[in-house]
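For reference, the chains in residue letters:
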Amino acid sequence: MEFEIPKAVERPIGIKVGNSWKEINHLKAICSESGYLYSIVNKNYELVQHKDVIETVDEALNEMRIEPIAIDIDFGHRYANMFYRLLLFEDVIKEDDVGFGIMVTNSYDKSFGIGVLGYGMNFGCLNQMVLGREILKIVKRHFKVSVGINLTKVKEAVIEIIDSLQNIADLIKALADEKISIVDVFVILDGLKLSKSAEMKVIQLIQQKTGITDFGLQYHKYKIAKKKKEDLMKLKEELKDVQMEKWTTYNVFTEYITHHSRSRDYTKKFEMLNKVSTILVR
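The shown structure was predicted, so the numbers you read here are calculated from the model rather than taken from an experiment.

1. Considering helix H6 (residues 196-210)
Every α-helix carries 3.6 residues per turn, so stepping three or four residues along brings you back to the same face.
Consideration 1: For H6, which comprises 15 residues, the first-to-last C-alpha distance of 21 Å matches the rise-based estimate of 21 Å (1.5 Å per residue) to within 8%.
Consideration 2: Inspection of H6 places Ala-198, Glu-199, Val-202, Ile-203, Leu-205 and Ile-206 among the buried residues, and these make up the whole buried set. Buried residues in H6, looked at end-on, bunch into an arc of 160 degrees, giving them a common side. Seen from the open side of H6, the exposed residues pointing more than 90 degrees away from its buried face are Lys-196, Ser-197 and Gln-208.
Consideration 3: Against helix H5 (182-191), helix H7 (215-225), strand S10 (243-245) and helix H9 (246-260) lie the buried residues of H6.
Consideration 4: Backbone geometry just after H6 places Gly-211 at a positive phi near 80 degrees.

As structure tokens, then:
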């Protein structure tokens, strides 16, 4: 393993009573090895180390005799959150070479459980793609993105998603040729809760890449109209025939998140990548 994987440790919790400390037996602290507090949990909470999750994933790949074409890892929230990414094969979507694989997550701060998702990368622009719950439920409705803390279930989920990756690639090929309502794009952009400058950057990219030069103007109208139900309904009717190409629009958002977002914490990028994947399935 080429990566240095941060560990977490369990520490007792106490309260000061006079000049002494009394341990609180039903609670414990999850901390970094340097002492940074990630979370206070019930004594029955089971800590799963990032390293154990990675080894479980690698074990599944070895059993399937699969050699990844690329492996990468990111962390967030002071190494509390882990994002282990593996690309397993390439396919072509609308003349773009795209890598497909899996992303496996784990956290020490209880922000999310162990998760197994689809993952992709557009090799032409190196845009990352998180193919989460919305994509997986269409491919196979019983997929569970979060698999709790059971490493046996993690291994099963890894194998199941890898077995369905070609179906995911085929689904995205079919969806890429479809169009999405410009109002749905407004909703997705608004839902990212970006700063004004970041929002403007996305608008500029959309106008450059899609040729819809009044996107910013129409989005401004949407932001005003959404405050009143009647005005929003009127705007939707006005723009009901304005459609955008899904693949181009999706790549604009992934380009912004991958290359232009100023967030240094991958957790935020992960959340945004997960949200914008809904462009493909709307």
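Let us keep going from here.
2. Quick look at the packing of helix H1 (residues 50-64) against helix H3 (residues 151-163)
Geometry of a packed helix pair, given as the angle between the helix axes and the separation of the axes.
Consideration 1: Running from amino to carboxyl end, H1 crosses H3 at an angle of 45 degrees, the nearest separation of the two axes being 9 Å. Considering the angle they form, H1 stands oblique to H3. The interaxial crossing formed by H1 with H3 has right-handed handedness. Only Leu-151, Val-154, Lys-155, Val-158, Ile-159, Ile-162 and Asp-163 of H3 make contact with H1, whose side of the interface consists of Asp-52, Val-53, Thr-56, Val-57, Glu-59, Ala-60, Leu-61, Glu-63 and Met-64.
Consideration 2: For the contact of H1 with H3, the class distribution of residues is 10 nonpolar, one polar and five charged.

3. Some remarks on the environment of Lys-246
Consideration 1: Relative to the assigned elements, Lys-246 resides in helix H9.
Consideration 2: On a C-alpha basis, the gap between Lys-246 and Ile-279 in space is 6.5 Å, while along the polypeptide they are 33 residues apart.
Consideration 3: The residues contacting Lys-246, other than those within four sequence positions of it, are Leu-175, Ala-176, Glu-178, Lys-179, Ile-180, Ile-279, Leu-280, Val-281 and Arg-282.
Consideration 4: Here the side chain of Lys-246 touches Leu-280 through a polar contact of 3.1 Å, landing on its backbone oxygen.

4. Here we look at the packing of H7 against helix H8 (residues 229-238)
Consideration 1: Their axes nearest at 8 Å, the elements H7 and H8 cross at an angle of 150 degrees. Relative to H8, H7 is oriented roughly antiparallel. Crossing of H7 against H8: the hand is left-handed. Facing H7, whose interface residues are Gln-218, Lys-221, Tyr-222 and Ala-225, H8 presents Asp-231, Leu-232, Leu-235 and Glu-238.
Consideration 2: Residue composition of the contact of H7 with H8, grouped by class: four nonpolar, one polar and three charged.

5. Section: the packing of aromatic side chains
Consideration 1: If you walk through the whole model with that rule in mind, you get 14 aromatic pairs.
Consideration 2: Taking 5.5 Å as the distance between ring centres and 35 degrees as the angle between the ring planes, the aromatic pair formed by Phe-186 and Tyr-222 counts as tilted. One end of the pair, Phe-186, is in helix H5; the other, Tyr-222, is in helix H7, with 36 residues separating them in the sequence.
Consideration 3: With relative accessibility at 0%, the residue Phe-186 sits in the buried group.
Consideration 4: With 6.1 Å between their ring centres and 40 degrees between their planes, Trp-247 and Tyr-250 make a pair best called tilted. A residue pair is termed a helical-turn pair when its members lie 3 or 4 positions apart in one helix, as Trp-247 and Tyr-250 do in helix H9 at three residues. Of the two residues examined, Trp-247 and Tyr-250, each falls in the buried class.
Consideration 5: What links up through ring pairs into an aromatic cluster is the set Phe-83, Phe-112, Tyr-266 and Phe-270.

6. Observations regarding the environment of Phe-123
Consideration 1: Here Phe-123 shows up in the loop between strand S7 (115-122) and strand S8 (127-131).
Consideration 2: Here Phe-123 is in contact with Ile-69, Leu-87, Glu-90, Asp-97, Val-98 and Gly-99, once residues within four sequence places are set aside.

Conventions and cut-offs
Residues numbered from 1 in each chain as written. Predicted model: local features only at pLDDT ≥ 70, side-chain atom pairs only at ≥ 80, totals over all residues. Heavy atoms only, no water. Helix = DSSP H or I, 4+ residues; strand = E, 2+ residues; numbered from the N terminus. Expected span 1.5 Å × (residues − 1). Buried < 20%, exposed > 50% of the residue type's maximum accessible area, 1.4 Å probe, protein only. Arc of directions from axis to C-beta. Contact = heavy atoms within 4.5 Å. Axes fitted to C-alpha atoms, helices over the stretch in contact; angles between N-to-C directions. Parallel < 35°, antiparallel > 145°, perpendicular 65-115°, else oblique. Left-handed = near helix turned anticlockwise from the far one by under 90°. Nonpolar A, V, L, I, M, F, W, Y, C, P; charged D, E, K, R; others polar. Polar contact = N/O pair within 3.5 Å; in protein donor to acceptor, adjacent residues only side chain to side chain. Phe/Tyr/Trp six-rings, centres within 6.5 Å; stacked < 30°, edge-to-face > 60°.

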